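Here is what each chain is made of, one letter per residue.
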Amino acid sequence: MVNRTNVMLVDGLTETEEVLKAVLEPRGMLVTRVRSTHSTNPLVSHEAPSVVVLHESERLQGPSSQGLTSPAPWGNVPRVVIGHYHTHTSSTDRGCRYLSQPFQYAELVTAIESLLRSH
Amino acid sequence: MAKATLLVLQGVDQGKRATIGPQTVSLGRGPQNTLRILDTEVSRNHAEILYADGTWTLHDLESSNGSFVNGQSIRSYALRTGDQLQIGRTIMLFSDSTSNETSQIADRIDLLSADDPDRSQIVGTLASAEGKPLSRQASVSRISPVVTADDNLQTLYRISEEAVRATDSLDLLLQRVLDLTIDAVSADRACMLVAESRSDRILPRVFSHRPGVNPNERMPVSTSIVNYVIAQGEGVWTSDALHDSRFDAGQSIVQAGIREAMCVPMQGRYELMGVIYVDITSPADYLLKGGAPRTFREELLTLLLAIGRQSALAVENFRYQEALVTAERLAAVGQAIASLSHDIKNILQGVRGGSYLIDMGLNEGKEDLIRKGWTIVERNQDRIYGLVMDMLTYSKERQPALQESNLNSVVEEVSRLIEGRVTDQPTKVEMDLSEDLPLSLFDPDGVLRAILNVATNAIDAVEESDDGRVVIATRFDPNSELLSVIVTDNGPGIPANEQKHIFDLFESTKGSRGTGLGLAVSQKIMQEHGGEISVASPEAGGCEFRLTWPRISDDPAPLEHTNAPTSNEPTS
């Protein structure tokens with residue numbers, strides 16, 4: 001059995017899932033989507049992801065994406081954080097990219113590919 | 001021009017304000033009324049308000065359940081500012097704003113400067129010591145102390161009652177207090193000079209006079225006295241018959257027939273809110289015929305000081321409430337802008353996703369990508385349409401556009417609209433339409449939007465389920481004359497602690513997919529129809545939303561009153 005590259009989306013828009021499936025699955029990747037509210041730790045109940053795309057789910061709570069950019073519970077899995085407010089991620093955290101909504105999907109695809117290349 | 005307002009304090013249209021002019025205003029359930037009240041206890045043609053000779057009169061039009069003013073059943077009643085009208089279950093506050101212009105008040109007051117000639121001087125002063133017992137003052141009166149103390153307490157009781165009565169205008173509140181003051185101290189004229197909240201200026205705000213006083217005669221108010229009262233914080237009693245050494249010859253009050261005057265500070269908790277000025281005159285011809293001069297008494301000055309204090313507290317409270325409302329309004333505007341920006345950003349993000357796929361499809365010659373992208377763009381076009389319609393529905397003060405309609409047809413239209421949303425998921429949408437639904441007057445576009453918002457939420461709730469099921473049912477209860485639409489789903493349900501907030505504006509449990517407008521809009525539409533929306537969600541899962549509103553028809557007979565005030569004889 002060959003393990004496919006798995007891009008896991010946590011929360012966010014249906015459109016993001018649809019676009020990534022349309023673009024990445026023809027390239028042999030697997031795109032899955034989970035709701036953080038449905039599982040305390042999506043990593044436990046799903047196939048181990050190669051990259052996680054996290055949507056800031058807090059509604060109107062201000063810059064609250066620190067929890068998303070912190071390693072736990074994702075361990076060393078590379079991640080793209082999509083937020084509503086711009087925050088500065090640590091320059092030493094090479095496993096994390098930050099996009100501020102509304103973003104261009106080309107940027108998201110580039111960020112995912114970049115993380116996959118470097119890990 | 002004659003102008004009055006009716007503010008709905010209780011009932012279907014709570015919070016709405018209607019401005020009425022001199023034209024006859026009809027009130028009732030029927031569509032032909034100037035003010036339509038969608039209340040099953042209101043007759044089709046219930047009452048009317050006529051304006052003539054400066055008076056607004058409410059006439060009951062032999063309604064089934066009657067009309068009430070201040071809790072009393074009436075046939076015909078001359079309305080005064082502050083009166084509360086009850087028609088069916090709706091209570092409205094009447095405010096006559098015709099003579100409430102500040103400029104008109106200023107025209108009736110002569111603010112006399114120190115250079116103006118006058119002859120009055122201070123006869124006595126009284127410090128505005130808080131809590132000074134009026135009963136003790138009464139004990140030195142020539143009148144029975146018990147009677148005076150009782151009168152004073154009655155006066156203060158009535159003024160306190162006025163001070164806390166529902167009102168939307170500080171001027172109207174002060175006017176009612178001043179009208180009572182005239183009676184309480186037996187003055188001819190009275191005015192209040194109130195400090196503007198954003199400057200140090202003290203300006204005439206309300207004026208009152210007893211019947212019989214020439215209403216065209218301007219009331220002289222000495223700025224010397226006013227300034228003294230403000231500076232010393234004392235109540236002052238003046239007369240033009242005596243001399244007072246505290247004022248120079250050039251200062252003091254006017255001739256113009258004033259015999260005596262009293263001026264007291266309106267001392268609030270933290271600052272001076274203004275002054276009350278009252279006067280009493282004994283015309284020269286009256287005195288020449290041997291009439292005794294009309295005078296004030298010291299206990300009246302004490303009473304006026306207490307009234308000044310009550311008035312100041314009323315002004316402070318009113319301004320505090322006003323500031324609170326302004327702050328809440330600003331916070332609500334900020335929240336609305338932030339929330340709508342968030343929603344528009346999500347829609348824009350969706351459009352960008354669709355555009356990205358279309359662009360890629362065009363570049364690579366892949367039609368399937370173009371179609372997929374176009375589907376996403378269209379979906380977000382629908383979302384922005386829905387958002388705009390919800391915003392318009394929520395923001396507008398509007399009367400539902402009632403027309404005789406079939407509820408089942410509306411539900412079928414909802415079903416057709418949501419069909420497109422479930423083509424990519426295994427969700428089943430079913431209709432359970434009652435065959436006994438009568439035609440009814442309601443706003444079909446509004447009701448469609450109310451049901452659509454609830455049904456869309458139900459579809460979203462079962463989105464991830466493999467056996468998602470949404471049922472939309474219609475019902476009619478002939479006993480209560482209630483129409484109902486029940487939307488049920490077998491999704492995860494809504495936790496009990498979230499249920500009480502789900503109808504609040506900008507509350508959403510759908511994360512980035514929800515605007516927090518949908519259920520608030522549905523609730524508003526139901527309230528416009530005199531109905532309500534409720535939710536039930538058991539712990540085991542699933543959810544039931546019930547939209548219920550009274551059937552309205554051209555049938556003239558309203559339902560019998562169940563909670564009307566005790567009926568009394570007509571009061572006027």
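What counts and how
Residues numbered from 1 in each chain as written. Chains lettered and ligands numbered in written order. Predicted model: local features only at pLDDT ≥ 70, side-chain atom pairs only at ≥ 80, totals over all residues. Heavy atoms only, no water. Helix = DSSP H or I, 4+ residues; strand = E, 2+ residues; numbered from the N terminus. Buried < 20%, exposed > 50% of the residue type's maximum accessible area, 1.4 Å probe, protein only. Contact = heavy atoms within 4.5 Å. Areas by Shrake-Rupley, 256 points an atom, 1.4 Å probe, with all protein chains shown as cover. Pairing = 2+ DSSP bridges. Axes fitted to C-alpha atoms, helices over the stretch in contact; angles between N-to-C directions. pLDDT = per-residue confidence, 0-100. Patch = residues over 30% accessible without salt bridge, like charges linked within 9 Å, V, L, I, M, F, W, Y side chains within 5 Å. Salt bridge = Lys/Arg side-chain N within 4 Å of Asp/Glu carboxyl O. Buried area = accessible area lost by both parts, 1.4 Å probe. Polar contact = N/O pair within 3.5 Å; in protein donor to acceptor, adjacent residues only side chain to side chain. Nonpolar A, V, L, I, M, F, W, Y, C, P; charged D, E, K, R; others polar. Parallel < 35°, antiparallel > 145°, perpendicular 65-115°, else oblique. Core = buried A, V, L, I, M, F, W, Y, C linked by side-chain atoms within 4.5 Å. Phe/Tyr/Trp six-rings, centres within 6.5 Å; stacked < 30°, edge-to-face > 60°.

## Side note on the overall build of chain B
In step 1: The helix and strand inventory of chain B stands at twelve helices and 26 strands.
In step 2: For chain B, the residues scored as buried account for 49% of the 572 residues in total.
In step 3: Partitioning the contacts of chain B with sequence separation of at least 6, the portion at a separation of at least 24 is 66%.
In step 4: On chain B, roughly 27,600 Å² of surface is accessible, and the fraction owed to carbon and sulfur atoms is 49%.

## Thoughts on the sheet that holds strand β25 (residues 532–536) of chain B
All names here are of chain B.
In step 1: Spatial ordering of the open sheet is given by β21-β23-β24-β26-β25, a layout of five strands whose pairing is mixed. A single partner strand is all that each edge strand has here, and the edge strands are β21 (428–432) and β25. Going from strand to strand, the sheet's axes swing by 15 degrees on average, the running direction of each strand aside.
In step 2: Summarising the sheet, β21 and strand β23 (residues 469–477) pair through five bridges and their orientation is parallel. Of the residues in β23, the one forming a bridge with Val-429 is Val-470.
In step 3: Helix α9 (residues 407–419) rests against β21, β23, β24 (482–489) and β26 (543–550) of the sheet, and its axis sits at about 170 degrees to β23.

## What to know about the confidence of the model for chain B
Residues and elements named next belong to chain B.
In step 1: Mean pLDDT for chain B: 81, with 82% of residues reaching 70 or above.
In step 2: Contacts from residues 134–141, a stretch scored under 50 in pLDDT, to residues over four places away or in other chains number 17 contacts.
In step 3: Within the model, the stretch residues 559–572 combines pLDDT values under 50 with 34 contacts to residues more than four positions away or in other chains.
In step 4: For this predicted complex, the interface confidence comes out at an ipTM of 0.84, alongside a pTM of 0.61.

## Focus: a nonpolar patch on the surface
In step 1: Together, Ile-344, Ile-384, Tyr-385, Val-388 and Leu-392 of chain B make up a nonpolar patch on the protein surface, roughly 430 Å² of accessible area in all.
In step 2: Looking at the nonpolar patch, the element that brings in the most residues is helix α8 (residues 367–395) of chain B, giving four residues.

## Regarding the interface of chain A and chain B
In step 1: Taken together, the 20 residues of chain A in the interface contact 30 residues of chain B.
In step 2: When the two sides are added together, the surface that chain A and chain B hide from each other amounts to roughly 2,300 Å², 53% of it contributed by carbon and sulfur.
In step 3: Where Glu-15 of chain A meets Arg-379 of chain B, a salt bridge forms, and the shortest distance between an N and an O atom there is 3.2 Å.
In step 4: Here chain A is connected to chain B by eight residue pairs in polar contact (both at pLDDT 80 or more).
In step 5: The element that contributes the greatest number of residues to the side of chain A that touches chain B is helix α1 (residues 14–24) of chain A, accounting for six residues.
In step 6: Residue composition of the side of chain A that touches chain B, grouped by class: ten nonpolar, six polar and four charged.

## Digging into the packing of helix α4 (residues 170–184) of chain B against helix α7 (residues 298–364) of chain B
Residues and elements named next belong to chain B.
In step 1: The interhelical angle for the contact between α4 and α7, taken along N-to-C directions, is 170 degrees, at an axis separation of 11 Å. Taken together, the axes of α4 and α7 are roughly antiparallel relative to one another. Facing α4, whose interface residues are Leu-170, Leu-173, Leu-174, Val-177, Thr-181 and Ala-184, α7 presents Leu-300, Leu-303, Leu-304, Ile-307, Ser-311, Ala-314, Val-315, Phe-318 and Arg-319.
In step 2: A breakdown of the residues in the contact of α4 with α7 according to their chemical character gives twelve nonpolar, two polar and one charged.

## What to know about the packing of helix α4 (residues 105–118) of chain A against α7 of chain B
In step 1: Running from N to C, α4 of chain A and α7 of chain B point in directions that differ by 75 degrees, and their axes come no closer than 9 Å. Classified by the angle their axes make, α4 of chain A and α7 of chain B are roughly perpendicular. Between α4 of chain A and α7 of chain B, the contacting residues are Tyr-105, Ala-106 and Val-109 of chain A on the first element and Gln-349, Arg-352, Gly-353 and Tyr-356 of chain B on the second.
In step 2: Its residues placed into classes, the contact of α4 of chain A with α7 of chain B shows four nonpolar, two polar and one charged.

## Overview of the sheet that holds strand β7 (residues 67–69) of chain B
All names here are of chain B.
In step 1: In spatial order, the strands read β2-β1-β11-β10-β7-β8; together these six strands make up an open sheet with antiparallel pairing. Since the sheet does not close on itself, it has two edges, and those belong to β2 (17–20) and β8 (72–74), each with one partner. Recorded for the sheet is a direction-independent mean angle of 30 degrees between the axes of neighbouring strands.
In step 2: Sheet analysis places strand β1 (residues 4–10) next to β2, joined by four bridges and oriented antiparallel. Each residue of the ladder has a partner; that of Thr-5, found in β2, is Thr-19.

## Observations concerning the nonpolar core
All names here are of chain B.
In step 1: Ranked by size, the top nonpolar core spans 38 residues in total, and within it Met-192, Met-262, Ile-276 and Val-278 carry the most contacts.
In step 2: Examining the composition of this core, we find that eleven residues originate from one element, α7, more than from any other.
In step 3: For Met-192, the residues in contact, after removing those within four places along its chain, are Leu-174, Val-177, Leu-178, Leu-203, Pro-204, Arg-205, Val-206, Met-266, Val-275, Ile-276 and Ser-311.
In step 4: Membership of the second largest hydrophobic core comes to 36 residues, among which are Ile-459, Ile-472, Ile-525 and Phe-545.

## What about the side chain of Thr-57 of chain B?
In step 1: With respect to the element layout, Thr-57 of chain B can be found in strand β6 (residues 55–60).
In step 2: Each residue touching Thr-57 of chain B, except ones within four places of it in the same chain, is listed here: Glu-48, Ile-49, Leu-50, Ser-76, Tyr-77, Ala-78 and Leu-79 of chain B.

## Describing the packing of aromatic side chains
In step 1: This structure, assessed with the given rule, holds six aromatic pairs over all chains.
In step 2: Counting every residue linked through ring pairs, the aromatic cluster contains Phe-103 and Tyr-105 of chain A together with Tyr-356 of chain B.

## A closer look at the pattern of salt bridges
In step 1: The full count for this structure, using the stated rule, is 20 salt bridges over all chains.
In step 2: One salt bridge in this structure joins Lys-524 of chain B and Glu-528 of chain B, with 3.0 Å as the shortest N-O distance. Separated by four residues within a single helix, Lys-524 of chain B and Glu-528 of chain B lie in helix α12 (residues 518–528), roughly one turn from each other. Assigned by exposure class, Lys-524 of chain B and Glu-528 of chain B land together as buried.
In step 3: What emerges from the salt-bridge pattern is a single network uniting Glu-15 and Glu-18 of chain A together with Arg-379 and Arg-383 of chain B.

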